[in-house]
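# Coordinate analysis (summary)
Listed below are the residues making up each chain.
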Amino acid sequence: MNAPPDDASPRLRWGVYWLLIAIASGGILGRILSVDSLDYIRLEQHLKREGRKDWAKQRPFLSANDRSRWATIRALVEYGTYRIDDVVSQPNWDTIDMVKHDDAGHAAPEPGEGHLYSSKPPLFPTILAGEYWLIVRLTGRTLGTHPFAIGRFMLVTINLLPLVIYFVLWGKLADRLGTTDWGRIFTMACATFGTFLSTFAVVLNNHLPAAVTAVATVYLAVRITVDGERRWWYFAMCGFMAAFTAVNELPALSLFGVTIALVAWHAPRQTLLAFVPPALLVAAASFGTNYLAHHTWAIPYAHREDDNNWYKFKYVKDGKVRDSYWSNREARSPIDQGEESVPRYAFHVLIGHHGIFSLTPIWLLSIVGLGMLCASRDRGWREWGLAITAVSVVCVAFYISRSLDDRNYGGMTAGFRWAFWMAPLWLVAMQPAADWASRRRWSQLAAAALLGLSVLSVSYPTWNPWTQPWLWDALEAYKS
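What comes next concerns the included structure. (Residues numbered from 1 in each chain as written. Predicted model: local features only at pLDDT ≥ 70, side-chain atom pairs only at ≥ 80, totals over all residues. Heavy atoms only, no water.)

## Some details on the overall build of the protein
Of regular secondary structure, the protein possesses 18 helices and four strands. The C-alpha atoms of the protein give 23 Å as radius of gyration, which agrees with the globular expectation for 480 residues (23 Å, within 12%). Classification of the 480 residues of the protein by burial places 54% in the buried group. Across the protein, the fraction of contacts at a sequence separation of at least 24, relative to all contacts at a separation of at least 6, is 71%. Within the structure as shown, the protein displays about 21000 Å² of accessible surface, and the carbon and sulfur contribution to it stands at 64%. Each charge class in the protein can be summarised by its mean position, and for the 45 positive and 39 negative side chains these summaries are 6 Å apart. (Helix = DSSP H or I, 4+ residues; strand = E, 2+ residues; numbered from the N terminus. Rg over C-alpha atoms; globule rule 2.2 N^0.38 Å. Buried < 20%, exposed > 50% of the residue type's maximum accessible area, 1.4 Å probe, protein only. Contact = heavy atoms within 4.5 Å. Areas by Shrake-Rupley, 256 points an atom, 1.4 Å probe, with all protein chains shown as cover. Lys, Arg positive; Asp, Glu negative; His and termini not counted. Charge placed at Lys NZ, Arg CZ, Asp CG, Glu CD.)

See below:
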């Protein structure tokens, strides 16, 4: 039996969209409100060893990755500096994602030299420090004294509210690109339940804000290139969003490049006068905060050469001299030692234990949809098909071709997190395939099965996204 013909009820369709958004948002809010980190193994060992109750293992910051950013936020507001020495020395505020250098930006490998800094780009934490400063001034409470209340409140404003905007913008794109009710509702269900963005909404990370600004970039650019929109503020916002995506995810420079190329092709004057200035402002803020933090224009990731390596150092914690996590490759967690075989790494990035297509098989529909977009008779959508293909190929190839230390699937994480920001691009690519699937019952069921498997992967890390995927755990269980 074929699916019903094309709809005539946008009001009904948006009613379903809002239901999906409400369900997804409520689920994310519930997970944020229960954010906690408790290492039961360490707790049991501690209690047996010490025989007392003066322990404090719980914390709402679930990984060294997000604690690194939280440490910068605390340091800026509470100590007026980007140095995180006074934060990471406190119980439960440790992190491995930190570097060490002196005030001139030179490596400081020995104890007593230089200071500790987060290795994460400083612009995003600097912006969030503004919200934290306001909270401290209004309440007198800090992340040190009330980490759960303040941390969870900030996650709602940082992650949940922008995700709602993400869902709404995708609904507008689905309405514009889609041709059937079922296809539009299916892609909205994928956006709200089928990607790892909701999984990572309980931690402070750069992938979620990059995805939000990416969907805003695509929405604004589509209005300009496909719909002929020429109002100045569309160009200004598009330039700002595209640049902010790039400063949060450096490979997203490819999205910035194709966006400015497409927009300039259709409206060169508005691009030069309205798109470019906000983009330059974001770039200046990114380089400026990096200079304020590290006394150099180059980001920490660029300082890993032997003669000025910010990642190999010794520091003092709890009265003991310790090596940084990155000093000795053999001492790291096995996954952070890197995958030596590039072909094996590519296999697991694409269809293996951290696979983009094995964990979230809805993206298989995006491959089909990209072919349909590239073959479209509509020149505007054909351009976007080619642009999304170029960005996807360039970014995935970049991730796979990284050096040995960087071939770690994103570390201990529920999915290949470096690709999460491309979700809105792949949703655009998916839409024509979803519309095609809507016309046949078997294809509807197949698409629904792909969504179900994707939701399985997204839901598997019940409360902490900094855990291995279910496919990894299944392979480990099989080995044993």
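Following the structure, the description resumes.
## Here's the deal with the packing of aromatic side chains
Under the defined criterion, the tally for this structure stands at 20 aromatic pairs. Taking 5.9 Å as the distance between ring centres and 75 degrees as the angle between the ring planes, the aromatic pair formed by Y166 and F167 counts as edge-to-face. Of the two residues examined, Y166 and F167, each falls in the buried class. Aromatic rings pair up to connect F196, F200, F420 and W466 into one cluster. When the ring centre of Y311 is taken as origin, the NZ or CZ atom of R304, which lies over that ring, is 5.8 Å away. (Phe/Tyr/Trp six-rings, centres within 6.5 Å; stacked < 30°, edge-to-face > 60°. Lys NZ or Arg CZ within 6 Å of the ring centre and 35° of its normal.)

## Thoughts on empty space enclosed by the protein
Scanning the entire structure with this criterion turns up two cavities of 30 Å³ or more. The wall of the largest cavity is formed by 15 residues, among which F196, T360, W363, A419 and F420 lie closest to the centre. When residues of the lining of the largest cavity are traced back to their parent elements, those giving at least two are α13 (356-359) and α16 (423-437). In terms of lining, the second largest cavity is formed by T72, Y82, Y117, S118, K120, P122, A293 and H294. Of all elements in the fold, only β2 (115-118) and α11 (268-294) reach the threshold of two or more residues within the lining of the second largest cavity. Considered class by class, the residues forming the lining of the second largest cavity number four nonpolar, three polar and one charged. (1 Å grid on protein atoms, 1.4 Å probe; cavity = no way out; pocket = protein on both sides within 12 Å on 5 of 7 lines; lining within 4 Å. Points joined across faces, edges and corners; volume = space filled by probe spheres on them. Nonpolar A, V, L, I, M, F, W, Y, C, P; charged D, E, K, R; others polar.)

## Quick notes on the nonpolar core
Counting residues in hydrophobic clusters, the biggest one holds 132 residues, and the most contacted among them are W70, Y166, W384, W421 and M422. Looking at this core element by element, the count peaks at 15 residues for helix α6 (residues 147-177). Other than its neighbours up to four places away in sequence, W421 contacts H207, A210, A211, A214, T245, E249, P251, A252, L255, V391, C395 and Y399. Core analysis: the second largest hydrophobic core is formed by seven residues, Y82, V99, A293 and W310 among them. (Core = buried A, V, L, I, M, F, W, Y, C linked by side-chain atoms within 4.5 Å.)

## Details of a nonpolar patch on the surface
Together, V368, M372, W436 and W442 give the surface a local cluster of nonpolar side chains, amounting to about 420 Å² of exposed area. When you line up the elements, W442 lands in helix α17 (residues 441-459). Under the relative-accessibility criterion, W442 is labelled exposed at 56%. (Patch = residues over 30% accessible without salt bridge, like charges linked within 9 Å, V, L, I, M, F, W, Y side chains within 5 Å. Salt bridge = Lys/Arg side-chain N within 4 Å of Asp/Glu carboxyl O.)

## Examining α16
For α16, which comprises 15 residues, the first-to-last C-alpha distance of 20 Å matches the rise-based estimate of 21 Å (1.5 Å per residue) to within 8%. At M430, α16 shows its largest bend, some 35 degrees, and a proline, P432, comes one to four positions later. The buried fraction of α16 amounts to 14 of the 15 residues, a majority that puts the element mostly inside the structure. (Expected span 1.5 Å × (residues − 1). Bend = angle between axes of the 7 residues up to and from the residue.)

## Observations regarding unusual backbone geometry
Phi at H295 is positive, roughly 65 degrees, even though this residue is not glycine. Note on placement: H295 falls in the loop between α11 and β3 (314-317). A residue is classified by how much of its surface remains accessible, and H295, at 29% relative accessible area, is partly exposed. With a phi close to 55 degrees, D318 is a non-glycine residue in the positive phi region. Mapped onto the secondary structure, D318 falls in the loop between β3 and β4 (320-323). Classification of D318 by relative accessible area gives exposed; the value is 60%.

## Considering the side chain of H294
Counting through the fold element by element, H294 comes out in helix α11. Take H294: its relative accessible area is 2%, and that puts it in the buried class. Within the structure, H294 has its side chain in polar contact with the side chain of H101 (distance 3.0 Å). In this structure H294 touches V99, H101, G105, Y117, S118, P300 and W310, once residues within four positions along its chain are discounted. (Polar contact = N/O pair within 3.5 Å; in protein donor to acceptor, adjacent residues only side chain to side chain.)

## So, the pattern of salt bridges
Within this structure, the stated rule accounts for 16 salt bridges. Where D227 meets R223, a salt bridge forms, and the shortest distance between an N and an O atom there is 3.2 Å. Judged by its relative accessible area of 29%, D227 falls in the partly exposed class. Two residues, R402 and D406, come together in a salt bridge whose shortest N-O distance is 2.9 Å. Judged by relative accessible area, R402 falls into the partly exposed class, the value being 28%. Overall, D406 belongs to the buried group, its relative accessible area being 14%. By sharing partners, the salt bridges in this structure join R176, R223, D227, E229 and R231 into a single network.

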